[in-house]
Amino acid sequence: NAGVTQTPKFQVLKTGQSMTLQCAQDMNHEYMSWYRQDPGMGLRLIHYSVGAGITDQGEVPNGYNVSRSTTEDFPLRLLSAAPSQTSVYFCASKKGLAGPDTQYFGPGTRLTVL
Amino acid sequence: KQEVTQIPAALSVPEGENLVLNCSFTDSAIYNLQWFRQDPGKGLTSLLLIQSSQREQTSGRLNASLDKSSGRSTLYIAASQPGDSATYLCAVKETSGSRLTFGEGTQLTVNP
C-alpha cells in the first residue's frame, strides 16, 4: 500500500490565485482530514470527511473548500490564496469513526503565498 | 476549549540518556491520547495510542503514560539514540466526535 499520498510537495502561489491540493489513500479508510501546521500553533483541523459525499468543517475552515466524491480522494481547494494561508498542509486518514483511532498522515504540502 | 501543551519545546541530550517528554491537557474528558513522531520535512507517524481507560502503553524503548485526572501524559524514551532525533507531538481526542487537538511538539536532538 502507498498509504496517504499528497501532491504537490511544494507550491508557490501569488495572492488571489486558486489551487487544489490533492490527497489520496489506498487503505479504504472512511475518515479523512486536512490539517495545517504553523509555527507556534501546532496542527489545526481545516476540514474532515467521514465518508464519500460527507464533509464537515474543522477548526479553521475559512478560505478552503473540500469535496469527497470517492472514498480514496479528498482534495483541498484554496479559492483565493492569501499570505495567511502560507503553511504546511497535511492530509490524514483513519479507518472510520467507530474503528481504530490510529491516524495515518501524508508527507505534507509546503505552500507559500506571496 | 481543549488546550494541549508540551514542555519543553526543545530538548538536547547525549546519546544513551533516558528522557521524558511531557504533555498536558486542560479538559480531562478525553477519549484517547496519541503520541506522534515528525521527522523534518515529513508527515507524522503514530507511535503510541492510549485509551482513556488505560494507564500506559509500551512499544520497544518507548513508554507512554496517561493520568487523566491530572491532565498529563508522559513519553519515556529509554537509552536514546541519534535516530530518535525528531519532533514529538501529542494529541488528544475528545469524547465526542473525531477531532484531534495537538500540542506544538517537543523538538528532540540526541547527540552522538
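Residues numbered from 1 in each chain as written. Chains lettered and ligands numbered in written order. Predicted model: local features only at pLDDT ≥ 70, side-chain atom pairs only at ≥ 80, totals over all residues. Heavy atoms only, no water.

Observations regarding the packing of aromatic side chains
Here a ring pair, both rings aromatic, is described through the centre-centre distance and the interplanar angle of the planes.
Part 1: This structure, assessed with the given rule, holds seven aromatic pairs over all chains.
Part 2: With a centroid separation of 5.4 Å and an interplanar angle of 85°, the aromatic rings of Y35(A) and F102(B) are classed as edge-to-face. One end of the pair, Y35(A), is in strand 4 (residues 31-38); the other, F102(B), is in strand 10 (residues 100-102), on a second chain.
Part 3: Note that R68(A) overlies the ring of F74(A), its terminal NZ or CZ placed 5.9 Å from the centroid.
Part 4: The positively charged end of K94(A) is found above the aromatic ring belonging to Y31(A), 5.2 Å away from the centroid. (Phe/Tyr/Trp six-rings, centres within 6.5 Å; stacked < 30°, edge-to-face > 60°. Helix = DSSP H or I, 4+ residues; strand = E, 2+ residues; numbered from the N terminus. Lys NZ or Arg CZ within 6 Å of the ring centre and 35° of its normal.)

Thoughts on the nonpolar core
Part 1: Residues L33(B), W35(B), L75(B) and I77(B) are the most contacted members of the largest nonpolar core, which totals 22 residues.
Part 2: Mapped by element, the contributors of at least two residues to this core are strand 3 (19-25), strand 4 (30-38), strand 5 (44-51), strand 7 (62-67), strand 8 (72-77), strand 9 (86-94) and strand 11 (106-111) of chain B.
Part 3: Core analysis: the next-biggest nonpolar cluster, separate from the first, contains 19 residues, M27(A), I46(A), L111(A) and V113(A) among them. (Core = buried A, V, L, I, M, F, W, Y, C linked by side-chain atoms within 4.5 Å. Buried < 20%, exposed > 50% of the residue type's maximum accessible area, 1.4 Å probe, protein only.)

Brief notes about the sheet that holds strand 1 (residues 4-7) of chain B
All names here are of chain B.
Part 1: Judged by pairing direction, the sheet is antiparallel, and its five strands sit side by side in the order 1-3-8-7-6 without closing on themselves. Lying at the two open borders of the sheet, with one neighbouring strand each, are strand 1 and strand 6 (56-59). Sheet twist, expressed as the average angle between the axes of neighbouring strands with direction ignored, equals 15°. (Pairing = 2+ DSSP bridges. Axes fitted to C-alpha atoms, helices over the stretch in contact; angles between N-to-C directions.)

Comments concerning the pattern of salt bridges
Part 1: Going through the model one piece at a time under the given rule, you end up with five salt bridges over all chains.
Part 2: A salt bridge links R36(A) to D38(A), with the nearest nitrogen and oxygen atoms 2.8 Å apart. Comparing R36(A) with D38(A) shows no difference in burial state: the two are buried.
Part 3: Between R37(B) and D39(B) there is a salt bridge; the shortest N-O distance is 2.9 Å.
Part 4: Judged by its relative accessible area of 17%, R37(B) is buried.
Part 5: The exposure class assigned to D39(B) is partly exposed, which follows from its relative accessible area of 26%.
Part 6: Connected via shared salt-bridge partners are R36(A), D38(A) and R44(A). (Salt bridge = Lys/Arg side-chain N within 4 Å of Asp/Glu carboxyl O.)

A few points about the interface of chain B and chain A
Part 1: Each side of the interface is counted separately: chain B has 20 residues, and chain A has 21 residues.
Part 2: Contact between chain B and chain A buries roughly 1,500 Å² in total, counting both sides, with carbon and sulfur atoms accounting for 51%.
Part 3: Run the count over chain B and chain A and you get one salt bridge.
Part 4: Taken together, chain B and chain A are joined by two residue pairs in polar contact (both at pLDDT 80 or more).
Part 5: The set of elements that each furnish at least two residues to the side of chain B that touches chain A consists of strand 4, strand 5, strand 9 and strand 10 of chain B.
Part 6: Top contributing element to the side of chain B that touches chain A by residue count: strand 4 of chain B, with five residues. (Contact = heavy atoms within 4.5 Å. Buried area = accessible area lost by both parts, 1.4 Å probe. Polar contact = N/O pair within 3.5 Å; in protein donor to acceptor, adjacent residues only side chain to side chain.)

Points about the pairing of strand 9 (residues 87-94) of chain A
Residue and element names in this part refer to chain A.
Part 1: Of all eight residues that make up strand 9, eight are buried, and the element is covered over most of its length.
Part 2: Residues S87, Y89, C91 and S93 of strand 9 are buried on one face, and the alternating residues V88, F90, A92 and K94, pointing to the opposite face, are buried as well.
Part 3: In this structure, strand 4 lies alongside strand 9, joined through seven bridges in antiparallel fashion. Each bridged residue has a counterpart across the sheet, and for R36 the counterpart in strand 9 is Y89.

Scope: geometric values only; no functional claims are made or implied.
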